[in-house]
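Chains, contacts and geometry: an overview
As a plain string of letters, each chain reads:
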Amino acid sequence: MKGLKSLIRYIFSAFSDDLLDSNRFLIATYLNGKSGEIDEIYRDWYKKGKYHSDDFIAKYNFSFEGVEEELEKHEHWKKYIHLVTTPTILVFLLNI
């Protein structure tokens, strides 16, 4: 069956080193969270969690394994594309 499939990618990038832990947490959420939980955590993060990041991050017991490698990919892409805002959300439509 042919049709359109959407692919969504989030690019997390900090423009200050003191915000990198927030990016690490958001990436860890993506790598470790369950499908519905990820969207809820992101929504809560941008609504209120980012204002009290240490307390918000402490509520979750996510593994940070693989996070540094993924963060490096985001940082590399940010430099390559000359990214100036974050988060960046990319939406691709694939004709399959």
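This section reports on the structure supplied with the text. (Residues numbered from 1 in each chain as written. Predicted model: local features only at pLDDT ≥ 70, side-chain atom pairs only at ≥ 80, totals over all residues. Heavy atoms only, no water.)

Let's talk about the pattern of salt bridges
Considering all chains together, one arrives at four salt bridges under this definition. The salt bridge partner of Arg-24 is Asp-21, with a shortest N-O separation of 3.0 Å. Taken together, the positions of Arg-24 and Asp-21, both in helix α1 (residues 20–32) and three residues apart, correspond to about one turn of that helix. Salt-bridge contacts for Lys-78 lead to Glu-75; the nearest nitrogen and oxygen are separated by 3.3 Å. Residue Lys-78 and its partner Glu-75 are located together in helix α4 (residues 67–81), separated by three residues, close to a single helical turn. Each of Asp-21, Arg-24 and Glu-68 takes part in a single network of salt bridges with overlapping partners. (Salt bridge = Lys/Arg side-chain N within 4 Å of Asp/Glu carboxyl O. Helix = DSSP H or I, 4+ residues; strand = E, 2+ residues; numbered from the N terminus.)

Observations concerning the packing of aromatic side chains
We describe a pair of aromatic rings using the distance from one ring centre to the other and the angle between the two ring planes. By the definition in use, this model includes seven aromatic pairs. Aromatic side chains Phe-25 and Tyr-60 sit 5.8 Å apart centroid to centroid with 45° between the ring planes, which places their arrangement in the tilted category. Of this pair, Phe-25 sits in helix α1 while Tyr-60 is found in the loop between α3 (53–58) and α4, placing the two residues 35 residues apart along the sequence. (Phe/Tyr/Trp six-rings, centres within 6.5 Å; stacked < 30°, edge-to-face > 60°.)

Observations concerning the packing of α1 against α4
The N-to-C vectors of α1 and α4 enclose an angle of 115°; their axes lie 10 Å apart at closest approach. In terms of orientation, α1 lies roughly perpendicular with respect to α4. Helix-helix and strand crossings are classified by hand; for α1 and α4 the assignment is right-handed. Residue-level contacts link Leu-20, Asn-23, Arg-24, Ile-27, Ala-28 and Leu-31 of α1 to Val-67, Glu-68, Glu-70, Leu-71, His-74 and Glu-75 of α4. The class makeup of the residues in the contact of α1 with α4 is six nonpolar, two polar and four charged. (Axes fitted to C-alpha atoms, helices over the stretch in contact; angles between N-to-C directions. Parallel < 35°, antiparallel > 145°, perpendicular 65-115°, else oblique. Left-handed = near helix turned anticlockwise from the far one by under 90°. Contact = heavy atoms within 4.5 Å. Nonpolar A, V, L, I, M, F, W, Y, C, P; charged D, E, K, R; others polar.)

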